[in-house]
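Below are the chains, spelled out letter by letter.
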Amino acid sequence: MVHDLTRGGDWILIALVMIGAVPEVSAACQFLVVAGHFWRNHYAACEPVFPRTAIMIPAWNEAAVIGASIDRLMALEYPRDRLRIFLVDDASTDETPQVAKAKEAQYPGNVIHLRREKGEGKAHTLNHGLGIILGDDWMEALLITDADVIFEADSLRKMTRHLADPLVGAVTAYIKEGCRPGNYLTRFIGYEYITAQAASRRGQNVLGAIACLAGGAQLHSRANLVALGGRIDTSSLAEDTFTTFETQLRGRRVVFEPHAVCWAEEPDAISGLWKQRLRWARGNVQVTLRYRKLWFRRHRGRLGSVTFGTFWFCLFLQPIFMITSSASLLTLYFANFPAAWMTFRLLWIVNAASYIFITGFALLIDVPTARHTWRQGVMFPGVVNLSIIGYTCFPRLFRDILHQLFAVTHLSLQAHKGWIIVFIYAWLSVSMAVAYLAKAIEPHRFGRFISAFLVYIVGYGALLCACTFASYVKEMQGAEMKWDKTEKTGKMAIPT
């Protein structure tokens, strides 16, 4: 039957259409790997250890959040005489210096304010602090965090226990979105962090290769920092990913600790999210190019494994896969309609199975967060994608619904059928354009309401893919590598 529907050249188009399902299948496979975390983890090598830990906070105009963050850090379940906080002030122009001085007086010997008179961005600020902290032998471990991150009381000791193993160079924590009640966008981010951290990084633990230390929660041993040259990479927008890769390439292990929880304030507007994710995505482009001799070369360690490389590129190239899939499906539609319909159904049945599995798994892996974000989890693909999934799985039911809708509007379904099919077949690509439209109209009158509506229509995933595609363009243009900081307001309400 399948053979009768297709001709020789059609198989190439069918394969290119099915590329659209590769990222979802890859994500589902990574979630399957998480099941191995019960057996393959680092806890057997852990012991309660409390190294002298310096906490370094790069800060620029953080007056709204830095005071509360320092108070929470000083309340950690950790020996106070083994804890020092270094606030590295990157020429702030608000009240950050005054808040820092007040905390320095409140916690003498534990809080140190380091002021820079000329701002140069986060990576240079980190290196300024590193030079001072490594200048004496007091520090045995260094926690790099952000000014708005709030650590739960037991988080640091759960991270340092991994440093009992001398083969571990760095440990990262589970960062959760902390705005309560927040809005639709912060809840999407909260759900996303379950998938990207609680699930995916557990899977990476099993594989023995971590893609990135969370920038706001990265703990390093002194030996690891010295091996890295005592400096953070300043040539890219992904200094945390470069540090993660270099740590592992030099033979030390990076571990994700899912039970060390901290909270961060995330953007509540598309404009803020776009700035943040464009920076991250451009950093990933730079990492991909810098380590082009690493990919799929097993002799380079687990970072060079086929499995890790596949997971990396399925995410990194997802916009390309979506565009290729749509273009191929449209070409097949005009060349061989029966084969196009067969391939379309197969593509979306695979997507449907992956969506159900990933969503169910994510909502179960972090139940407290799931209670807050389950609607966004269900709506993550967007209304149109969910409708296409429903149409693919139950075509007769959806045809009946469409006939009724067109009857109400006194329009002919048959007359518009071709355009509807073309729209559906092109949707994977169109969704990114609509997501970009949501960003563009947000600043205008009623824009936030309309943009929120559009995000629910196209899906939060399409918004992230549009940002990734924009990062390709920015890198090809050689755009300035500017640290475009997202504004923090101190509106977090940490769940108890």
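Residues numbered from 1 in each chain as written. Predicted model: local features only at pLDDT ≥ 70, side-chain atom pairs only at ≥ 80, totals over all residues. Heavy atoms only, no water.

### Quick notes on the packing of aromatic side chains
Right, so step 1: Counted by the stated rule, this structure contains 33 aromatic pairs.
Right, so step 2: Measuring from centroid to centroid gives 5.9 Å for Tyr184 and Tyr456, while their planes differ by 40°, and the two rings are tilted. On the criterion of sequence distance, the pair formed by Tyr184 in helix H8 (residues 184-207) and Tyr456 in helix H19 (residues 447-458) is long-range, its members being 272 residues apart.
Right, so step 3: Here Tyr456 falls in the partly exposed class, since its relative accessible area comes to 24%.
Right, so step 4: The interplanar angle of 50° and the centroid separation of 5.4 Å between the aromatic rings of Phe188 and Tyr456 together place this pair among those described as tilted. One end of the pair, Phe188, is in helix H8; the other, Tyr456, is in helix H19, and 268 residues separate them in sequence.
Right, so step 5: Ring pairs connect the aromatic residues Phe242, Phe245, Tyr291, Trp295, Phe296, Phe308, Trp312, Phe313, Phe316, Phe469 and Tyr472, which therefore count as one cluster. (Phe/Tyr/Trp six-rings, centres within 6.5 Å; stacked < 30°, edge-to-face > 60°. Helix = DSSP H or I, 4+ residues; strand = E, 2+ residues; numbered from the N terminus. Buried < 20%, exposed > 50% of the residue type's maximum accessible area, 1.4 Å probe, protein only.)

### Some thoughts on a positive patch on the surface
Right, so step 1: A contiguous patch of positive charge on the surface is contributed by Arg292, Lys293, Arg297 and Arg300.
Right, so step 2: Note that Arg297 resides in the loop between helix H11 (270-290) and helix H12 (306-316). (Patch = residues over 30% accessible without salt bridge, like charges linked within 9 Å, V, L, I, M, F, W, Y side chains within 5 Å. Areas by Shrake-Rupley, 256 points an atom, 1.4 Å probe, with all protein chains shown as cover. Salt bridge = Lys/Arg side-chain N within 4 Å of Asp/Glu carboxyl O. Lys, Arg positive; Asp, Glu negative; His and termini not counted. Charge placed at Lys NZ, Arg CZ, Asp CG, Glu CD.)

### Let's talk about unusual backbone geometry
Right, so step 1: In this structure, Pro181 follows Arg180 across a cis peptide bond, with omega equal to 5°.
Right, so step 2: Note on placement: Pro181 falls in the loop between strand E6 (168-177) and H8.
Right, so step 3: Residue Phe296 is not a glycine yet carries a positive backbone phi of 60°.
Right, so step 4: By the element assignment, Phe296 lies in the loop between H11 and H12.
Right, so step 5: Residues other than glycine seldom take positive phi values, yet Phe446 does so here, at roughly 65°.

### Re the confidence of the model for the protein
Right, so step 1: Summary statistics for the protein give a mean pLDDT of 92 and a share of 94% for residues scoring 70 or more.
Right, so step 2: Per-element averaging of pLDDT across the protein places helix H1 (residues 2-5) at the bottom with 52 and helix H7 (residues 155-160) at the top with 98. (pLDDT = per-residue confidence, 0-100.)

### What about the sheet that holds strand E8 (residues 253-264)?
Either a parallel or an antiparallel arrangement is found when strands of a sheet pair, and the pairing is made through backbone hydrogen bonds.
Right, so step 1: Ordered by their spatial adjacency, eight strands build an open sheet running E3-E2-E1-E4-E7-E6-E8-E5, and the pairing between neighbours is mixed. Each edge of the open sheet carries a strand with a single partner, namely strand E3 (111-116) and strand E5 (150-151).
Right, so step 2: For strand E4 (residues 141-145) and strand E7 (residues 217-221), the ladder comprises five bridges, and the chain directions are antiparallel. From the neighbouring strand, Thr145 faces E7, where its bridge partner is Ala217.
Right, so step 3: With respect to the sheet, helix H6 (residues 122-133) is in contact with strand E1 (53-59), strand E2 (83-90), E3 and E4, its orientation differing from that of E1 by roughly 150°. (Pairing = 2+ DSSP bridges. Contact = heavy atoms within 4.5 Å. Axes fitted to C-alpha atoms, helices over the stretch in contact; angles between N-to-C directions.)

### Side note on the packing of helix H3 (residues 22-34) against helix H14 (residues 337-365)
Right, so step 1: Between H3 and H14, the shortest axis-to-axis distance is 9 Å and the interhelical angle comes to 35°. Once H3 is placed against H14, the crossing between them reads as left-handed. Here Glu24, Val25, Ala27, Ala28, Phe31, Leu32 and Val34 of H3 come into contact with H14, specifically with Val350, Asn351, Ser354, Phe357, Ile358, Phe361, Ala362 and Ile365.
Right, so step 2: When grouped by side-chain class, the residues that make up the contact of H3 with H14 number 12 nonpolar, two polar and one charged. (Left-handed = near helix turned anticlockwise from the far one by under 90°. Nonpolar A, V, L, I, M, F, W, Y, C, P; charged D, E, K, R; others polar.)

### Concerning empty space enclosed by the protein
Right, so step 1: Under the counting rule described, the total for this entry stands at four cavities of 30 Å³ or more.
Right, so step 2: For the largest cavity, the calculated volume is near 50 Å³.
Right, so step 3: Considering the residues around the largest cavity, the lining is formed by Tyr174, Lys176, Glu177, Arg180, Gly190, Tyr193, Trp263, Thr369, His372 and Thr373.
Right, so step 4: Sorting the residues of the lining of the largest cavity by element identifies E6, H8 and helix H15 (367-378) as the ones contributing at least two each. (1 Å grid on protein atoms, 1.4 Å probe; cavity = no way out; pocket = protein on both sides within 12 Å on 5 of 7 lines; lining within 4 Å. Points joined across faces, edges and corners; volume = space filled by probe spheres on them.)

### A closer look at a nonpolar patch on the surface
Right, so step 1: Taken together, Ile320, Ile323, Phe469, Val473 and Met476 make up a surface patch of nonpolar side chains, about 420 Å² in accessible area.
Right, so step 2: Elements with a minimum of two residues in the nonpolar patch: helix H13 (318-335) and helix H20 (460-477).
Right, so step 3: Sorting elements by how many residues they give to the nonpolar patch places H20 first, with three residues.
Right, so step 4: In this fold, Ile320 is placed in helix H13.

### Re the pattern of salt bridges
Right, so step 1: Overall, the coordinates contain 18 salt bridges when judged by the stated rule.
Right, so step 2: Here Asp90 ties to Arg116 by a salt bridge, and the two come within 3.2 Å at their closest N and O atoms. Of this pair, Asp90 sits in strand E2 while Arg116 sits in strand E3, and the two are 26 residues apart along the sequence. As far as the burial class goes, Asp90 and Arg116 line up, both buried.
Right, so step 3: Look at the salt bridges and you will find they share partners, linking Arg52, Arg82 and Glu140 into a network.

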